[in-house]
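The residues making up each chain are set out below.
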Amino acid sequence: MRLRKSRQCFPSCSSRHKVDEDEVYWKRKKSSEELEWSHNSSHVILQLTQCFANAMVGPRSWIAGLFTRSPYKRHDKVLDFCLTPHLEQRLQKLQERMRTPFDETRPDHQEALRSLWIAAFPDIPLKGLISEQWKDMGWQGANPSTDFRGCGFISLENLLFFSRTYPASFRRLLFKQGGQRATWEYPFAVAGINVSFMLIQMLDLQSEKPRRLPGVTFVKLLGEDESAFDVLFCIAFEMMDAQWLAMRASYMEFNEVLQVTRTQLERELSLEDVHRIKDLPAYNLLYQ
């Protein structure tokens, strides 16, 4: 009996050709999708880079410092951070300054306020501690003491330090001498109080010890330089003004500008190679 050869299922030439065509089609489609995804990703990354670059204002050295130095690499050090007796003493002294309210009846506080006026308007005699003249410096009313309720005497100390240590920068910001200014500008003195308050919150200075990286870095800077908080105030004020100009902001946008300034400053305080207050890229803004 003759045995029939079993029929084996091999694809014919035509079916093999169809399979090959399908494979080529799907390969081309996949390649096209990958190319499109790559293009879209590059576009998104480019947009993000441009947005980030637009937020960075000021001298080229400041911008370059932010792009070439790596941030956020020391999170583990927040957990390992321990206050030495020296750092604890410096921090406690700063916290004592923060707890001191402005007292318009204290002669030393009155003298500090007069000194600030002289620094701002050396050729204009002050008529009194309560005077409409104070509005020219950016206080909300005739009595500056009412504006200190939000932050205390330390904010006046910050402004005085600014006027004495970086007088050119102080006067440039006071008289809005740089850039294209808005019709409704931020009030200089009140803005300074807000900068002081922002720093206290950002650095977590009301706690026994900082719980975030910017605060940890700052306390170390404070150990190197007792005036670190006052210098940081001057830097932050300069950063805020630069951001104000970059955003072409007006009076109602002040809080938004301050928040962006805080974000930028947090980034700088998270850089790997910041060991002194002068290592902050934005420090150069004080010498424009």
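Residues numbered from 1 in each chain as written. Predicted model: local features only at pLDDT ≥ 70, side-chain atom pairs only at ≥ 80, totals over all residues. Heavy atoms only, no water.

Under an unreviewed UniProt entry, the name given to the protein chain is ELMO domain-containing protein, and the organism recorded is Salix viminalis.

### Looking at helix H5 (residues 107-120)
Between its terminal C-alpha atoms H5 stretches 20 Å, which fits the 20 Å expected from 14 residues at 1.5 Å a residue. Every buried residue of H5 is listed here: His-109, Ala-112, Leu-113, Ser-115, Leu-116, Trp-117 and Ala-120. Contacts made by the buried residues of H5 are with helix H6 (153-165) and helix H7 (167-174). (Helix = DSSP H or I, 4+ residues; strand = E, 2+ residues; numbered from the N terminus. Expected span 1.5 Å × (residues − 1). Buried < 20%, exposed > 50% of the residue type's maximum accessible area, 1.4 Å probe, protein only. Contact = heavy atoms within 4.5 Å.)

### A short note on the pattern of salt bridges
This structure, assessed with the given rule, holds 13 salt bridges. Put simply, Arg-212 and Glu-266 hold a salt bridge, and the shortest N to O gap is 3.2 Å. With Arg-212 in the loop between helix H8 (188-202) and helix H9 (213-224) and Glu-266 in helix H11 (residues 254-268), this residue pair connects regions lying 54 residues apart in the sequence. A salt bridge links Asp-279 to Arg-276; the shortest N-O distance between them is 3.5 Å. The class for Arg-276 is partly exposed, based on a relative accessible area of 47%. Within this structure, Arg-97, Glu-157 and Asp-230 form a network of salt bridges that share partners. (Salt bridge = Lys/Arg side-chain N within 4 Å of Asp/Glu carboxyl O.)

### Considerations on unusual backbone geometry
You will see that Asp-204, though not glycine, has its phi angle at about 60°, which is positive. Relative to the helices and strands, Asp-204 is located in the loop between H8 and H9. Residue classification places Asp-204 among the buried residues on the basis of a relative accessible area of 16%. A positive phi angle is found at Arg-248, which is not glycine, with a value near 50°. In this structure, Arg-248 sits in the loop between helix H10 (228-246) and H11.

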